[in-house]
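# Observations on the three-dimensional arrangement
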Amino acid sequence: MNETNTSSRKTTGATHRTDDWQTYPTKILVVLTLFAIYGTYRAFENNWYEVGNLLSPFYSPKLEFSWWKFSPALLILPIPGLFRATCYYYRKAYYRAFFGTPKACAVTGTANPRYTGESSGIWTLQNIHRYAFYMATLVLGVLWWDAFQTLFAAGHFFNFSYFQISVGTIVFFVNVVLLSGYSFGCHACRHLAGGCLDSFSSSGASKTSLSIWERITKLNEKHEMWAWISLFSVMGADVYTTVVARHGIPADPVLFSMDMITNLVAK
Amino acid sequence: MLEARMKVWRGDKNGGAFKEYKVPVETGMVVLDAMHYIQREIEPDLAVRWNCKAAKCGSCSAEVNGRPSLMCKTRMEGFAQQGQEIMVEPIQAFPIIKDLVTDVSWNYEVNKRIQPFTPKPDADWIIYQEDIERVQEFRKCIECFLCQDVCHVIRDSNRKDAFIGPRFMVRVASLEMHPLDTGDRLKFLKERGGAGYCNITKCCTEVCPEDIHITDNAIIPLKERIVDEYYDPIARFFKHVFVKK
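This is a predicted model, so every value here is computed, not measured.

### Re the overall build of chain B
Each helix and strand in chain B was counted, giving 11 helices and seven strands. Oriented by its inertia axes, the alpha-carbon framework of chain B measures out at about 70 × 40 × 30 Å. For chain B, the accessible surface area stands at approximately 10700 Å², while carbon and sulfur atoms represent 51% of it. Once the 36 positive and 37 negative side-chain charges of chain B are each reduced to a mean point, those two points are 3 Å apart.

Printed below as a string of structure tokens:
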């Protein structure tokens, strides 16, 4: 029998894990950093965010005031930003990737004998997650409205003669569906819908709460997936709007419109 | 027959080292079997805590290749077939007694600080399944303390003075969500239990051998209840007006 010295486990990053634990925090670090750079650039760019019936989700709702001289995105982005920053899933992701508390399970993290987590200082702001959820839900309502706008040619909203389905329609609807899956599967929403109750059988209302809570729980089980795909979809919708606005080509190709039907019937 | 190369930590509170052993691997063998082989055939003084060998008693918690695991639930074949060395060491968050045995008595002291189940005096003991289902998940806990071991607040920062740890967040959740319980543990949880110390990194959930969704179903709902009580005046108003405990 040979003897080997016990390695020190007190230094940050020390572990005896033999699996690939570095990949997850590294991926998070790269993706969130790239998204933050892209989002910041787009928020300050203050251009190429609106064309025809497409309005980038980064700039929606478009808040334009005479007293505000900067990009309107700076007024609206803090809301979804706060919602995601205080989201229970993203907290796991960025605490691991950026703060090393811990980087991965059973990997020595940033040891601090005075650690207080989210119970003091700026971190207590994590407790406003549900208020961020309320505000983000209002913004989401506007994004649904924007998506419906794409169903009609620019300037003809709700005029069914101008009904159309364009690539933008698909991009915007996919985005709002994914954002809804993320928002309504959030832990704060789950709590408010029924998680706050101790009894689900005590009244008709609590039985209804149970039914809603169970549905939200199903969504919540995949909250991580919703968080990522909705992040990519919102970026995708912005990229699409920018490309159409900047280059005009592809000028949001129409896949289906009432004109097409009319022409078909005439033939 | 496959032979596993094992490194087992031997020592006590004064220090120790990994010792290497070669153990024959049989089909279905788990790490705890290997420890028994070492005790039986090589070194009878190897200290291992175990009891049921069926992943139900929570005694044989250790770290296998750095991962907090139950030794009775960790198969040898996977490691041995890949020619991997198997490193077995005691859980890191608690003081060593000897070899793989640690002193987890702190946990029992924490448990005593939690207000026990407090039913209404005139409680109707007929309980509907939908009311008790959430709590039943928490009752699966076998107190292996792997969640306590992996929690960085306890493991890295050693804040045992301020945070009760995931195991006891689960216990508090099982009481707070019980339809017949009348106790209010939120003040305790916020001020002395250190619920705010948890930063939701979900390691406790990852290592739980009973697959309890500790973070999503116990800790986060408790944090949300604390928000109701201390950070959300609107929810607090509605709760006090409309919700009867």
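### Describing the overall build of chain A
On a plain count of helices and strands, chain A comes out with 10 helices and five strands. In terms of overall dimensions, chain A is more spread out than a globule: its C-alpha atoms have a radius of gyration of 23 Å, far above the 18 Å expected for 267 residues. With the C-alpha coordinates aligned to their principal axes, the bounding extent of chain A is approximately 90 × 55 × 50 Å. Out of the 267 residues belonging to chain A, those deemed buried represent 47%. Here chain A carries 21 positive and 15 negative side-chain charges, and the mean point of each set is 6 Å from the other.

### Comments concerning the interface of chain A and chain B
Chain A puts 53 residues into the contact, and the matching count from chain B is 58 residues. If you look at where chain A meets chain B, you find seven salt bridges. Across the pair Asp19(A) and Arg67(B) runs a salt bridge whose closest N-O atoms are separated by 3.0 Å. At the surface where chain A touches chain B, the tally comes to 32 residue pairs in polar contact (both at pLDDT 80 or more). Residue assignment for the side of chain A that touches chain B shows that the elements contributing at least two residues are β1 (3–5), α4 (88–99), α5 (129–149), α7 (187–195) and α8 (204–221) of chain A. Considering each element in turn, the side of chain A that touches chain B owes the most residues, six residues, to α7(A). Across the side of chain A that touches chain B, the residue classes tally to 19 nonpolar, 22 polar and 12 charged.

### Some thoughts on the packing of aromatic side chains
A complete count under the given rule lists 38 aromatic pairs over all chains for this structure. An angle of 65 degrees between the planes, with centres 6.3 Å apart, marks the rings of Phe35(A) and Phe58(A) as edge-to-face. Note that Phe35(A) is positioned in helix α1 (residues 23–45) and Phe58(A) in the loop between β3 (54–55) and α2 (73–76), a separation of 23 residues in sequence. The two residues Phe35(A) and Phe58(A) agree in class, both being buried. Through successive ring pairs, a cluster of aromatic residues spans Phe83(A), Tyr89(A), Tyr90(A), Tyr131(A), Phe133(A), Tyr134(A), Tyr182(A), Phe184(A), Trp228(A) and Phe232(A). Of note, Arg134(B) hangs over the ring of Trp213(A), and the distance from its end group to the ring centre comes to 5.6 Å.

### Structural notes on the domain arrangement of chain B
Residue and element names in this part refer to chain B. Examined at the domain level, chain B breaks down into domain 1 (3–102) and domain 2 (105–242). If you average the C-alpha positions of domain 1 and of domain 2, the two centres end up 31 Å apart. Taken residue by residue, the interface counts 16 residues in domain 1 and 17 residues in domain 2. In total, about 1200 Å² of surface goes out of reach between domain 1 and domain 2, with carbon and sulfur atoms giving 56% of it. On the domain 1 side of the interface with domain 2, the three residues burying the most area are Pro68, Ala93 and Phe94, jointly 42% of the side's total.

### Details of the state of the cysteines
Overall, the coordinates contain one disulfide over all chains when judged by the stated rule. With its sulfur 2.2 Å from that of its partner, Cys105(A) forms a disulfide with Cys203(B). Taking the torsion about the S-S bond as the criterion, the Cys105(A) to Cys203(B) disulfide, at about -90 degrees, is left-handed. Here Cys105(A), found in the loop between α4 and α5, pairs with Cys203(B), found in helix α9 (residues 203–207), and the two come from separate chains. Cys105(A) sits in the buried class, given a relative accessible area of 3%.

### Here's the deal with the pattern of salt bridges
All names here are of chain B. Within this structure, the stated rule accounts for 34 salt bridges over all chains. For Lys56, the salt bridge identified is with Glu210, shortest N-O distance 2.9 Å. Pair noted here: Lys56 is in the loop between α1 (31–42) and β3 (61–64) and Glu210 is in the loop between α9 and α10 (214–231), with a separation of 154 residues, a long-range link. Residue classification places Glu210 among the buried positions, given a relative accessible area of 13%. Among the charged side chains, a salt-bridge network with shared partners connects Arg10, Lys19, Glu43, Asp45, Lys98 and Asp99.

### A few points about the packing of α7(A) against α10(B)
Where α7(A) meets α10(B), the axes come as close as 10 Å, and the angle between the chain directions of the two elements is 75 degrees. The orientation of α7(A) with respect to α10(B), classified from their angle, is roughly perpendicular. Residues His187(A), Ala188(A), Arg190(A), His191(A) and Gly195(A) of α7(A) lie in contact with α10(B), whose contacting residues are Asp216(B), Asn217(B), Ile220(B), Pro221(B), Glu224(B), Arg225(B) and Asp228(B). For the contact of α7(A) with α10(B), the per-class residue count stands at three nonpolar, four polar and five charged.

### Quick notes on helix α9 (residues 223–247) of chain A
For α9(A), with 25 residues, the first-to-last C-alpha span of 36 Å sits near the 36 Å given by 1.5 Å per residue. After α9(A) finishes, the residue Gly248(A) shows a positive phi value of roughly 70 degrees.

### Focus on the side chain of Asn220(A)
Along the chain, the position of Asn220(A) falls in helix α8. Residue contacts for Asn220(A): discarding those within four places in its chain leaves Gly185(A), Cys186(A), His187(A), Arg190(A) and Asp216(B).

### Re unusual backbone geometry
Omega for the bond connecting Ser60(A) with Pro61(A) falls within 30 degrees of zero, at -5 degrees, which places this linkage in the cis form. Secondary-structure assignment places Pro61(A) in the loop between β3 and α2. Backbone geometry places Asn65(B), a non-glycine residue, at a positive phi of 45 degrees. Structurally, the position occupied by Asn65(B) is in the loop between β3 and β4 (67–70). On the basis of relative accessibility, which here comes to 3%, the residue Asn65(B) falls in the buried class.

### Focus on the pairing of β4(B)
Note: β3(B) against β4(B), four bridges, orientation antiparallel. Pairing of Glu63(B) across the sheet is with Pro68(B), part of β4(B).

### Remarks on the confidence of the model for chain A
Residue and element names in this part refer to chain A. On average, residues of chain A score 92 in pLDDT, and 95% of them reach the 70 mark or higher. Of all secondary-structure elements in chain A, the lowest mean pLDDT belongs to β1, at 37, while helix α3 (residues 78–85) reaches the highest, 98. Throughout residues 1–8 the model reports pLDDT below 50, and contacts reaching past four residues in sequence, or to other chains, amount to 21 contacts.

Calculation rules
Residues numbered from 1 in each chain as written. Chains lettered and ligands numbered in written order. Predicted model: local features only at pLDDT ≥ 70, side-chain atom pairs only at ≥ 80, totals over all residues. Heavy atoms only, no water. Helix = DSSP H or I, 4+ residues; strand = E, 2+ residues; numbered from the N terminus. Areas by Shrake-Rupley, 256 points an atom, 1.4 Å probe, with all protein chains shown as cover. Lys, Arg positive; Asp, Glu negative; His and termini not counted. Charge placed at Lys NZ, Arg CZ, Asp CG, Glu CD. Rg over C-alpha atoms; globule rule 2.2 N^0.38 Å. Buried < 20%, exposed > 50% of the residue type's maximum accessible area, 1.4 Å probe, protein only. Contact = heavy atoms within 4.5 Å. Salt bridge = Lys/Arg side-chain N within 4 Å of Asp/Glu carboxyl O. Polar contact = N/O pair within 3.5 Å; in protein donor to acceptor, adjacent residues only side chain to side chain. Nonpolar A, V, L, I, M, F, W, Y, C, P; charged D, E, K, R; others polar. Phe/Tyr/Trp six-rings, centres within 6.5 Å; stacked < 30°, edge-to-face > 60°. Lys NZ or Arg CZ within 6 Å of the ring centre and 35° of its normal. Domains from an automatic or database assignment. Buried area = accessible area lost by both parts, 1.4 Å probe. Disulfide = S-S within 2.5 Å. Axes fitted to C-alpha atoms, helices over the stretch in contact; angles between N-to-C directions. Parallel < 35°, antiparallel > 145°, perpendicular 65-115°, else oblique. Expected span 1.5 Å × (residues − 1). Pairing = 2+ DSSP bridges. pLDDT = per-residue confidence, 0-100.

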